[in-house]
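# Chains, contacts and geometry: an overview
One-letter residues, chain by chain:
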Amino acid sequence: MMTISNRIFLLILITTSLSTLANFILTQHQSMSLHHDSEKILARTLVRSLRDALIQDVINDNQLRITNLLKSLKSHDNPIEYLYITKGIHNTVFAHSFEKGIPRFLVHSNNPAIKQSGVHLVHKYQTEHGLIYDYSETLLTGLDASLHIGINQTKIIEQLKKNNQYILTISIIILLSALLIAFLLGRQVSKPLTQFVHQIKLYGQGNIIKLNKLKNTSPEIKQLTTAFQCAIVERQQAESSLKSSEARLRGLLNTLPDLVWLKDKNGIFLSCNAKFGTFYGAKEVNIIGKTDYDFVSKDIADVFRKNDKAAEALGQPRTNEEQLTYASDGHKEWVETIKAPMYELNGDYIGVLGI
Amino acid sequence: MRLHRKPNYCSGGKATLLVLLILSLLLISCDSSDNIPIQQVDSSDRLSDNDLQLENKKIQSLRQENSKLPQHNNFYFGFDLRSSPQEDAAQYQPFLNYLESATGYQFKLHFTPLNGSTVDDLGQNKTQFAAMGADSFLKAQSLYGAKSLVRGLNLQGKAEYRSFFIVKPNSHILSIKDIKGHTLAFGNRNSTQGHLIPRIILSENGISLDDLSSYSYTGSHQNCAESVVSGQSDVCGLQDKLAKNLVTQGIVNIIHSSHYYPSSGIVVNQFVPADVIAKVKQALIDFKPQGEHHTGLYHWDKTEMPNGFIAAKESDYTELRQWSIRLGFLEKVH
């Protein structure tokens, strides 16, 4: 199962990657939109700024002045590939910005009649200089003259590519930085929890643990630590109480002048008091886990075992009279023994309690 | 009830796919591509300027043949430049649209170069119809046999106008008699109100150009007024409408006004068939710029025909023609 730090890391990895990807795609898309808008704005601005200067010269057939003006606007520094003016009802080329003659395809291009005012993209030409978008706008309604502006898309796109590469590089740097931060942050965030889990493992192995250091890390960990410490204290108190109770019970049993013992259903001693120890001449710890056959002759042990089974079969206390010989000093006593079957709280049979 | 649930690791992947899908849809929906095909062209095949002219002629003849428009229904409309080509075109284009709808003929604006002449364009059949002042019409009639179809009605509903002489408000020139020895500005040399009528005023008052210290042609009524306001000229002879506007603003004073003369109108050349002339003339008379045809017109009230037209008669121009001949503006009389 994935650790919390790894989950945090994965979460940040996914969200950061997605947002970076989305940002990159949207930036690219936006730059392309802006590119289309900007070139149209460029064409429109050119037409608007040139219109007044051109109209009277077009009317006056002042071809030389217009040609000089168009040539002055074409430059290698900008994406304007060419400018030319068509005139008359047949849309023939009147003036242009080309130094070495106008390309034949422009002379023969069929420019559609544009009724609406404004700049319109009318042609796309793939030339050896790149992809040219030909924008056109009528100079003046009724004049039959249009200004055409060729804008080199390839130049613009090359510039855009450079920009996009820059954006991509920055995006990758941001992504990697975000991932590094996510990794460190994930570790930092999950560190107290990891330490807490480690302390619990140590506690489970019986070691002494130090939880107070973790209390200053975060409110959640502080709550967990406090709760766990409370649980430890309660458990220690319960253990102590149990030990006291056992000690009192053990004292009671050992104070009794009678023999007291407990055997399981197989006749193995589970417990006994000090008096019983004198009967078998052994300490309690040496009796527990053994049977009557380890201490007396088989005949006597068989009798004891037979009486145990009889009490078990009867399901209630059963009294016998037996002469016992104490191994501690060899004296004999006639004793009345009560053997009672003993059950767990849930009803499971434990064995036979003898007094 | 089971408290433990298997972690759903697939939900993250689905969310990622969903985000990518939305992004894709957004990008598709924002696609602004057009349907213009890319043409593969050879830009190395160039035409020199001489070759271009030859090629243009070929294209013109080819496209002329391919043109399906009946040429006999296409007419060019010339005009005396009043403001700027842009402003004048904005005024005349809706008017031509009206003529097209009223007659069924096609009308296109013709822009006369500054070194050209509206009169010559009409006479040489570059234009078939033209809006021009009385002076230009008399020349067109004299030189090329043009006919005046209609005269423009002013805001008072009269087909006439006059000229004023204006001075600066603080000028010591108080009447026409005082202008001797001063500088006088005219508008355009071919303008009726800006030149012909002021010259008539001078002549009527026994003042010749030699009596002035100097005179100049400023090119337009506006320039003429500005020359007085700026102090370049002492007096300006110009159209009544602009002069009244300037007086209202307190910029100038009027020292003399002319008689009324026939206003600007629409003129036709001798090559247009009679049935076309009749149809166009009727459409012009029916033109109601202040009424049903007002929609779409651009500042028509600032033209010399704000209230439409009235049919022109030959006799309307008799007096003006005599003055033009007397002043030497007409070279030939038909």
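Chains are numbered independently. Their residues run from 1 in the order of the written sequence. Each chain gets a letter, beginning with A, and each ligand a number, beginning with 1, in the order they are written. Per-residue local features of the predicted model are confined to residues with pLDDT of at least 70, and side-chain atom pairs are confined, for both listing and counting, to 80 or more; whole-chain, interface and lining totals are unaffected and use all residues. The side-chain values count all of the structure's non-hydrogen atoms but skip hydrogen atoms and water molecules.

Turning next to the confidence of the model for chain A. Here chain A shows a mean pLDDT of 85. Residues at 70 or above account for 97%. Least confident of the elements in chain A is helix α1 (residues 4-59) of chain A, whose mean pLDDT is 80; most confident is strand β7 (residues 261-264) of chain A, at 93. The predictor attaches a confidence to each residue, called pLDDT, with possible values from 0 through 100. Helix and strand assignments follow DSSP, with helices taken as H or I runs no shorter than four residues and strands as E runs no shorter than two, numbered in order from the N terminus.

Right, let's talk about the packing of aromatic side chains for a bit. Only rings of Phe, Tyr and Trp enter the pairing, Trp through its six-membered ring, and a pair is recorded when the two centres are within 6.5 Å. The plane angle decides the type: under 30 degrees is stacked, over 60 is edge-to-face, the rest tilted. Overall, the coordinates contain 34 aromatic pairs over all chains when judged by the stated rule. Arranged with centres 5.9 Å apart and planes meeting at 70°, the rings of Phe77 of chain B and Phe95 of chain B form a pair that is edge-to-face. Of this pair, Phe77 of chain B sits in strand β3 (residues 74-79) while Phe95 of chain B sits in helix α3 (residues 85-103), and the two are 18 residues apart along the sequence. With a 1.4 Å probe rolled over the protein chains alone, any residue whose accessible area is under 20% of its type maximum counts as buried; one over 50% counts as exposed, and the rest are partly exposed. A relative accessible area of 1% places Phe77 of chain B in the buried class. Grouping aromatic residues by their ring pairs yields a cluster made of Phe77, Phe79, Tyr92, Phe95, Tyr98, Phe111, Phe287, Trp300 and Phe309 of chain B. Positioned above the aromatic ring of Phe94 of chain A, the side-chain terminus of Lys87 of chain A is 4.7 Å from the ring centre. In this scheme, the term charge over a ring applies when either NZ of a lysine or CZ of an arginine sits within 6 Å of the ring centre and within 35 degrees of the ring normal.

This part is about the interface of chain A and chain B. If you look at the interface, chain A gives 45 residues, while chain B gives 42 residues. Note on terms: buried area is the combined drop in 1.4 Å-probe accessible area of two parts once they are placed together, counting the loss on both. On the chain A side of the contact with chain B, His90, Arg104 and Lys124 of chain A bury the most area, a combined 16% of that side's loss. Should a side-chain nitrogen of Lys or Arg be within 4 Å of a carboxyl oxygen of Asp or Glu, the pair is scored as a salt bridge. If you look at where chain A meets chain B, you find three salt bridges. The salt bridge involving Glu55 of chain B is made with Arg104 of chain A; its shortest N-O contact spans 3.7 Å. Under this definition, polar contacts are N or O atom pairs within 3.5 Å; protein pairs additionally need one hydrogen-donor-capable and one acceptor-capable atom, and for neighbouring residues in sequence, both atoms have to be side-chain atoms. Our count for the contact surface shared by chain A and chain B stands at 15 residue pairs in polar contact (both at pLDDT 80 or more). Contributions of two or more residues to the side of chain A that touches chain B are made by α1, β2 (92-96), β3 (102-103), α3 (104-107) and β4 (120-127) of chain A. Class assignment of the residues belonging to the side of chain A that touches chain B gives a composition of 20 nonpolar, 18 polar and seven charged. Working rule for contacts: check all heavy atoms of both residues, and any pair within 4.5 Å makes them a contact. Basically, the charged four are Asp, Glu, Lys and Arg, the nonpolar ten are Ala, Val, Leu, Ile, Met, Phe, Trp, Tyr, Cys and Pro, and anything else, Gly included, counts as polar.

In this section: the pattern of salt bridges. Counted under the stated rule, the structure contains 20 salt bridges over all chains. Note that Lys108 of chain B is salt-bridged to Asp144 of chain A, the shortest N-O span being 2.9 Å. Placement of the pair is Lys108 of chain B in strand β4 (residues 106-109) and Asp144 of chain A in the loop between β5 (130-138) and β6 (145-152), with the two residues belonging to separate chains. Here Asp144 of chain A falls in the partly exposed class, since its relative accessible area comes to 23%. The network of salt bridges with common partners includes Lys263, Asp292, Arg305, Asp308 and Lys339 of chain A.

So, about the packing of helix α6 (residues 192-204) of chain B against helix α10 (residues 318-327) of chain B. Residues and elements named next belong to chain B. Running from amino to carboxyl end, α6 crosses α10 at an angle of 75°, the nearest separation of the two axes being 11 Å. The orientation of α6 relative to α10 falls into the category roughly perpendicular. Residues Thr192, Leu196, Arg199, Ile200, Ser203 and Glu204 of α6 touch α10, and the partners they reach there are Leu320, Trp323, Ser324 and Leu327. For the contact of α6 with α10, the residue count by class is five nonpolar, three polar and two charged. Simply put, an axis is a line fit to the C-alpha atoms, just over the touching stretch for a helix, and the angle between two N-to-C directions goes from 0 to 180 degrees. In what follows, roughly perpendicular refers to angles from 65 to 115 degrees, roughly parallel to angles under 35, roughly antiparallel to angles over 145, and oblique to any angle outside these ranges.

All names here are of chain A. Using only the protein atoms, space was sampled on a 1 Å grid; points where a 1.4 Å probe fits but cannot get out form cavities, open sets with protein on both sides within 12 Å along at least five of seven lines form pockets, and lining residues are those with an atom within 4 Å of a point. Grid points are joined across faces, edges and corners, and a volume is the space filled by probe spheres set on the points. Per the stated rule, a full pass over the model turns up one cavity of 30 Å³ or more. Of the volumes computed, that of the largest cavity is approximately 90 Å³. Element by element, the count of residues in the lining of the largest cavity is highest for helix α6 (residues 274-280), at three residues.

With that out of the way, let us pick up the side chain of Ser264 of chain B. All names here are of chain B. The residue Ser264 is located in the loop between β13 (261-262) and β14 (265-268) in this model. Among the residues examined, Ser264 registers a relative accessible area of 1% and is labelled buried. Filtering out sequence-adjacent residues up to four positions away, Ser264 remains in contact with Arg82, Met132, Gly133, Arg151, Gly152, Tyr161, Glu304 and Met305.

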